[in-house]
Amino acid sequence: MDKIVILDFGSQYTQLIARRIRECKVYCEIWPYHLMGYDLESPEIKGIILSGSSYSVVDANAPPLPPPVLESGKPILGICYGMQLLVSALGGKVIHTHGREYGKALLEVLENRGIFENLAGDIVCWMSYGDSVKELPPGFRGVARAENCEYAAIRDEGGKIWGIQFHPEVSHTPLGREILANFLFRVCGCQPEWIPESIIKQQIQWIRNEVKDKKVVCALSGGVDSVTAAVLTYRAIGEQLTCIFVDNGLLRKGEAEQVFSKMKEILGKERVIYRDAREQFLSALQGVVDPEEKRKTIGRTFVEVFEEEAKKLGDVSYLLQGTTYPDVIESISVSGPSVRVKTHHNVGGLPEHMQLKVIEPLRFLFKDEVRRLAVELGIPEEIVWRQPFPGPGLAVRIIGEVTEDRLQILRDMDFIIDQELRKSPIYKKLWQSFGVLVPVRSVGVMGGERTYKYVGVLRAVMSEDGMTADWARISYDTLDTIARQVVNEVAGIGRMVYDITSKPPATIEWE
C-alpha cells in the first residue's frame, strides 16, 4: 500500500496534515524529523512532507534537514518551516521578517500545474510565519505569491520538490485539501487505497504474522476502540483470543453490567471473562493525587490483573489493546521538538516487568477511522458511536484522591448530565460530554440552611478526532435543567459550573 511520510519538526498542525492525507484515502505516518531508526528507502513510500515548526531556520539550534530526505529522490512538499528548510539546504536564502504574518491571505497562483492543477485564480490561504524566502535555490521558481509574500509557493524544474509558505491542512485554507490531493496523486502518483476493506485485510494479515499460534488476551473496555480491536483480532486468530473485562470500580453508572452483557453477544460468552477488581484498584489509588501518577498506577494495576487472569488461561503471550494514534501522539513525543501532553494508561503507563507482549492493531488509526472499521466489521451502532471514555475512567475526572464516596457523587452527576443531554438536539454533535468533580467546596443555602458542598463541572466539547476541540454551545434551558437536577438530587454537590475552554490550550479531560 502506498505511504506518505510526514517528518515532524514540532508543528502544532502536524496531526492535521496526517488527517487531511488520510481523508484522501492515502496512508501516512508521522516520523521524527531526525529519522533515527527510520528508513526512507522503502518502495511503499511515495512522497515526503516536511511539517512546519515553531523554530526559525536561521537559529543555530533549528532542526536540520536530514540528508536522506534529498538523497531518497522521492517527491517532497515543504510546508512553512519545511519550505524554508528546503530553501536553506539547497542554497537559497531565508531571512527574518520585520513582523510575523498570521491569518488569512489571498494567494495568486502563477502556474496551474502540479499541486495547483485545476486551481486557477486567487486562493484564500492561512499564513503563520516569522521568516520568509529572500532568494530561491538554483533551479527553483516561484509559482504563487501573496501581498506580503513574494514566494508563497515554489517548485524545482522537475516538479518533484515543492514548497508552500501557507498551511493547506487547516480549515482556513478552503482549497487546502485539493492542494494536498494534487501532491498525493499528481506529484507522488499515490493510489487511494486507504479504505476500511483494505485496512481490515492488511491488519488481519499483520496480526496473523505477528501472533502465529500464540494466545492473546484482550484488555476489553467496551468502547469502540477495544471492541474493534477485539473483533478484528478474533477474525484473524479466532479462539486464540480471550477477552477480559475488568470492573475497576471507575466506570459510569450501570456501565459494567451493560458492557459485559453486550460483549458476550458480540464475541460469544466463551470469549469474554469478567473480573471484579474494584477493591484492587481503589486500594492502589489510595492517597494518589497527581494525575500522571494516577494514570501510571491504573496502568500497572491493569497489567497485574491481566497477568493474573492470563495465567489461568495457560500459555498466553500477547496483551491486545485498543490504543489509537491520538493516544500515541499525546503520550510520547514522536518528533523530538514536540511536547508530551500526558501519559495514556495503555501507552506510557505499563511497567517494565510486564510479561505479556503488547499488540495494538489500531495504533496508527484516528478515531473516525476506527469507527469506519467498526461499521465495516458489523459492530452495533450503540458501540460505534459511544463517546470516547478515558482508560483510567472516572479517576481522571475526580481531581485529587479517588474514593468510593467521590466516585458515587460523580456517577450520579454524570448520569444526570448524560440523560439530559440525550434529550438535546446537540447530543449527536458532541465528541464528549461528562461531569468533573473538583476538590473545592462552596457555600450555599438549601431549605433555609447553610450548605458547604463540592463544586461539579460540566464539560462538553465538539471535535473531529479529539486532537483539537471546541466547547459546545449547549442551550441555556438545558444547562439550567442539568444544574438544578444535579444540585437537587446529587448528595454532595452544591454548585455547578460549565467549562468553556477549548483544546488547545486545555485538554478535553481535566487530568
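Explain the packing of aromatic side chains to me, please; I cannot follow it from the model alone.
Between two aromatic rings, the relevant description is the distance of the centres plus the angle of the planes. Taken as a whole and judged by the stated rule, the model has eight aromatic pairs. For the pair tryptophan 31 and tyrosine 38, a centre-to-centre distance of 4.8 Å together with 40° between the ring planes defines the contact as tilted. Residue tryptophan 31 is classed as buried on the basis of its relative accessible area, which comes to 5%. Residue tyrosine 38 is classed as partly exposed on the basis of its relative accessible area of 38%. When the ring of phenylalanine 260 is compared with that of tyrosine 274, the centres are 5.4 Å apart and the planes differ by 55°; the resulting orientation is tilted. Here phenylalanine 260, found in helix 7 (residues 255-267), pairs with tyrosine 274, found in strand 12 (residues 272-276); they are 14 residues apart in sequence, far enough to count as distant. Residue tyrosine 274 is classed as partly exposed on the basis of its relative accessible area of 36%. Sitting above the plane of the phenylalanine 389 ring, arginine 252 keeps its charged end 3.9 Å from the centroid. Across from the ring centre of phenylalanine 434, 3.7 Å away, lies the NZ or CZ of arginine 397, which sits over that ring.

For this particular structure, what's the right way to read the layout of surface pockets?
Of the volumes computed, that of the second largest pocket is approximately 1000 Å³. Around the second largest pocket sit 30 residues that line it, and Glu382, Arg386, Gln387, Arg422 and Tyr427 are the ones nearest its centre. For the lining of the second largest pocket, the elements supplying multiple residues, two or more each, are helix 7, helix 11 (367-376), helix 12 (381-384) and helix 13 (404-422). Broken down by element, the residue count for the lining of the second largest pocket peaks at six residues, all from helix 13. Looking at the lining of the second largest pocket residue by residue, the class counts come to eight nonpolar, six polar and 16 charged.

How do you make sense of unusual backbone geometry when you look at a structure like this?
If a residue is not glycine, its phi is most likely negative; likewise, a peptide bond is most likely trans. With omega at -15°, the peptide bond leading from lysine 503 into proline 504 counts as cis. Checked against the element boundaries, proline 504 lands in the segment after strand 18 (493-498). The omega torsion of the bond from proline 504 to proline 505 falls at 15°, within 30 degrees of zero and hence cis. Here proline 505 shows up in the segment after strand 18. One non-glycine residue with positive phi stands out, namely leucine 35, at about 65°. Here leucine 35 lies in the loop between strand 2 (27-32) and strand 3 (45-50). Since its relative accessible area comes to 7%, leucine 35 is described here as buried. A positive phi angle is found at asparagine 118, which is not glycine, with a value near 65°.

Mind showing me how you'd approach the confidence of the model for the protein chain here?
Low-confidence regions, as indicated by low pLDDT, have predicted coordinates that should not be scrutinised in detail. Confidence in the prediction of the protein chain, expressed as mean pLDDT, is 90, and 94% of residues score 70 or more. In this model residues 332-351 is a low-confidence stretch, pLDDT under 50, and it forms 66 contacts with partners more than four residues away in sequence or in other chains.

Help me understand the packing of helix 6 (residues 224-237) against helix 7 in this model?
A packed helix pair is summarised by two numbers, namely the angle formed by the two axes and the spacing between the axes. Two numbers describe how helix 6 lies on helix 7: the axes approach to 11 Å, and their chain directions differ by 25°. Judged by the inter-axis angle, helix 6 sits roughly parallel to helix 7. Crossing handedness for the pair helix 6 and helix 7: right-handed. For the pair helix 6 and helix 7, contact is made by Val227, Ala230 and Val231 and by Met263, Ile266 and Leu267, respectively. Residue classes in the contact of helix 6 with helix 7 are distributed as six nonpolar, no polar and no charged.

I keep staring at the nonpolar core and nothing clicks. Help me out?
General note: in soluble globular proteins, nonpolar side chains tend to be found buried as a group. The biggest cluster of nonpolar side chains holds 86 residues, and the ones touching the most others in it are Ile474, Ile493 and Met496. A per-element tally of this core places helix 6 first, with eight residues. Setting aside residues up to four positions removed in sequence, isoleucine 474 forms contacts with Leu421, Ile426, Leu458, Ala460, Leu479 and Tyr498.

How should I be thinking about the pattern of salt bridges in this particular structure?
Working definition: two side chains of opposite charge can pair if their charged atoms are close together. Using the criterion set out here, one finds 32 salt bridges in the structure. Linking lysine 262 and glutamate 265 is a salt bridge whose minimum nitrogen-to-oxygen distance equals 3.4 Å. One end of the pair is lysine 262 and the other is glutamate 265, both in helix 7 and three residues apart, which spans about a single turn. Lysine 423 is the partner of glutamate 420 in a salt bridge, and the nearest nitrogen-oxygen pair spans 3.1 Å. Using a relative accessible area of 12% as the deciding quantity, one classes glutamate 420 as buried. The exposed category is assigned to lysine 423, whose relative accessible area is 63%. In this structure, a network of salt bridges that share partners links the residues Arg19, Arg20, Glu23, Asp368 and Arg372.

What counts, and at which threshold
- Residues numbered from 1 in each chain as written.
- Predicted model: local features only at pLDDT ≥ 70, side-chain atom pairs only at ≥ 80, totals over all residues.
- Heavy atoms only, no water.
- Phe/Tyr/Trp six-rings, centres within 6.5 Å; stacked < 30°, edge-to-face > 60°.
- Buried < 20%, exposed > 50% of the residue type's maximum accessible area, 1.4 Å probe, protein only.
- Helix = DSSP H or I, 4+ residues; strand = E, 2+ residues; numbered from the N terminus.
- Lys NZ or Arg CZ within 6 Å of the ring centre and 35° of its normal.
- 1 Å grid on protein atoms, 1.4 Å probe; cavity = no way out; pocket = protein on both sides within 12 Å on 5 of 7 lines; lining within 4 Å.
- Points joined across faces, edges and corners; volume = space filled by probe spheres on them.
- Nonpolar A, V, L, I, M, F, W, Y, C, P; charged D, E, K, R; others polar.
- pLDDT = per-residue confidence, 0-100.
- Contact = heavy atoms within 4.5 Å.
- Axes fitted to C-alpha atoms, helices over the stretch in contact; angles between N-to-C directions.
- Parallel < 35°, antiparallel > 145°, perpendicular 65-115°, else oblique.
- Left-handed = near helix turned anticlockwise from the far one by under 90°.
- Core = buried A, V, L, I, M, F, W, Y, C linked by side-chain atoms within 4.5 Å.
- Salt bridge = Lys/Arg side-chain N within 4 Å of Asp/Glu carboxyl O.

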